[in-house]
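Inside the fold
Here's the letter readout for the chains.
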Amino acid sequence: MSIKKLLLKSITGRPLRSLALLFICAIMSGAVYGGAVVWASLDNGISSLEKRLGADIIVVPKSAGEKTKLEEMLLQGTVGYFYMDKSVSDELDKIDGVEKQSSQYFLVSASSECCSAKVQIIGFDEDTDISVKPWLQNSYSKRLGQNEIIVGSKLTTKVGQIFKLYGVECKAVGKLESTGTGVDTAVYASSDTVKGLIRAAQSKGISVLSKQSPDDVISSVYIKVREGYDIDEVTAKINLDIDGVQAVRTRSMITGTADKLSVLSAGITILIAAVCILSAVIMLVVFTALANERKGEFALLRVIGFSRARLARQVLGEAFVICVIGALAGIAAASAAVFPFGALIEKKADLPMLSPGILSVTGYALIAFSAVCVTGPLASAYSAYRLSRIDTGRILREGDS
Amino acid sequence: MKRTILGLAQGVAALVLTIGAFTFFKACGGMDGKFMACHWAQNAVVLVGIVLTVLALARIVLRDDNIRTGLSIGIFALSAAAAFIPGTAINLCMMKDMACHTAFKPAVIVISVLLAVLSLADVIAGFVLIGKKRSQ
């Protein structure tokens, strides 16, 4: 019988023992791989939001309630609207240090229009925009026409499809790249389209959203600070000089989420380390116990001509085969849990998530696979050494008595 | 022994799919007295789940290897089809962060694929067994 056949016979001959070991290996690889993918997704989400905002400061009306409401809108996708006078834009021009500014206008669709939920409609100025346009260029480089919209990645509407808002048929001409945040659920349109939507809302008797027009009011202003100016100082100056508005530094808005993320990533790291240590200890104990249990079997193999080296290879080989199968099963199970249920994890964790690229995912899978395939044989190395040094005669005599 | 375990596993997966589709991973609820598209996807999955459970139970109870294999072929085809119900055959809600996209669709796909893999393994094991019996 070849050593390969003997290996397989030994593994399948004791299914319960093999299954228990496979389970431990699967848990270890699943924890390392799954934990790493979740951590990377959360990290991607927060950095994509920082890049996506594109502005140093966001100015909203004081009624927006400090920074919480805007933060909820950006991160969790909570729909809402608040307005301030358009003259704020002119006043901001006078503030020293403001290099570029672009205003946005928020509107919320009626829930019945979209068959399932309210949608945040964001009207933006294409000429001055600094936070939306860079993400539109990938999908649509032309100017937005009347009733043409760009949809966030979390909306199922595809490019070219019609999206009804207040009964107005809007054509989706582009789709934004995914950010893993609340901005993925919004619809972006030009000011003219927004005005048309307000008129449509008025004609349908939905007046709560149509009291204010983009000609008179705006919802937020995104500001890029001139190089050499301190962002905090410019933020403080806006808050001091302009009444009724609240200037928020975008980084400070993300800080709370970043803190939450660091606590969660520390938790994930501790969990991965604990699972790895525990799995390694269990493997060591199991392999040592098995070595004692299988002394007779190995003594017989020695008698029929197995060399010490071949016996050691047999023990290490068994551990390696079990680790390979267990690691692959663990990675497959973790993939089935993390990728399809990523959106659910994002919802429950209340943190932005963006899955890492295929290369990173492959890298994490290889790390998890290697960790298990090195730990298993290492844990069985001591047993292999002991079994290769057994006193064959004594063991067989003990077995006879 | 191996085929018994496979049969039981298929039964459990079919039951989880059926019960879960209207309980712990159900689609979105109604809004303003109206049902959304995902509600009909949920009904379709529950219906397919009931048929799968009946087939799986028959597969456990009946002893003939040929019938068992035939039933497993049926389970494989139906569970593979079930994976395409949410989002492909029947539309779900518009927002991808709603319950039908975050819980219902992934759970149905994962359980259906698992059931398809289990039934396929059972079909292969069945054909091997039938072949062995014929050659004896």
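Residues numbered from 1 in each chain as written. Chains lettered and ligands numbered in written order. Predicted model: local features only at pLDDT ≥ 70, side-chain atom pairs only at ≥ 80, totals over all residues.

Per the secondary structure count, chain A includes 13 helices and eleven strands. In chain A, of all internal contacts separated by at least 6 residues, the share reaching a separation of at least 24 is 81%. (Helix = DSSP H or I, 4+ residues; strand = E, 2+ residues; numbered from the N terminus. Contact = placed C-beta atoms within 7 Å.)

All names here are of chain A. In spatial order, the strands read β6-β7-β5-β8-β4-β3-β10-β1-β11; together these nine strands make up an open sheet with mixed pairing. Both outer strands of the open sheet, β6 (162-165) and β11 (245-249), are each paired with one neighbouring strand and no more. Ignoring strand direction, the axes of neighbouring strands in this sheet form an average angle of 35°. Bridge analysis of strand β5 (residues 148-151) against strand β7 (residues 168-175) gives four bridges, and the strand direction is parallel. Across the sheet, residue Ile 150 finds its bridge partner in β7, namely Gly 174. Across the face of the sheet, helix α6 (residues 191-203) comes into contact with β3 (98-108), β4 (120-124), β5, β6, β7 and β8 (187-190) while running at roughly 105° to β8. (Pairing = 2+ DSSP bridges. Axes fitted to C-alpha atoms, helices over the stretch in contact; angles between N-to-C directions.)

The next point concerns unusual backbone geometry. All names here are of chain A. Backbone geometry places Asn 147, a non-glycine residue, at a positive phi of 60°. By the secondary structure assignment, Asn 147 is in the loop between α5 (133-136) and β5. For Tyr 166, which is not a glycine, the phi torsion comes out positive at approximately 50°. Position of Tyr 166 relative to the elements: it lies in the loop between β6 and β7.

With that settled, consider the packing of helix α2 (residues 37-61) of chain B against helix α3 (residues 65-82) of chain B. Residue and element names in this part refer to chain B. Where α2 contacts α3, the two axes come as close as 9 Å, and the packing angle between them is 160°. The pairing of α2 with α3 is recorded here as roughly antiparallel in orientation. Between α2 and α3 lies a crossing of left-handed hand. Residue-level contacts link Val 45, Val 48, Val 51, Leu 52, Leu 55, Ala 56, Ala 58 and Arg 59 of α2 to Arg 68, Leu 71, Ser 72, Gly 74, Ile 75, Leu 78, Ser 79 and Ala 82 of α3. (Parallel < 35°, antiparallel > 145°, perpendicular 65-115°, else oblique. Left-handed = near helix turned anticlockwise from the far one by under 90°.)

Our focus in this paragraph is the environment of Leu 264 of chain A. Residues and elements named next belong to chain A. Checked against the element boundaries, Leu 264 lands in helix α8 (residues 250-293). When the C-alpha positions of Leu 264 and Leu 42 are compared, they lie 9.2 Å apart, and in sequence the two are 222 residues distant. Discounting chain neighbours no more than four positions away, the residues touching Leu 264 are Leu 42 and Ala 349.

All right, on to helix α9 (residues 295-303) of chain A then. Residue and element names in this part refer to chain A. Of the residues making up α9, those classed as buried are Lys 295, Phe 298, Ala 299 and Arg 302. For α9, the arc enclosing every buried residue in end-on projection is 105°, short of the 170-degree limit, so these residues lie on one face. In α9, those exposed residues whose orientation departs by more than 90 degrees from the buried face are Glu 297 and Val 303. (Buried ≥ 20, exposed ≤ 12 C-beta atoms within 10 Å, placed from the backbone. Arc of directions from axis to C-beta.)

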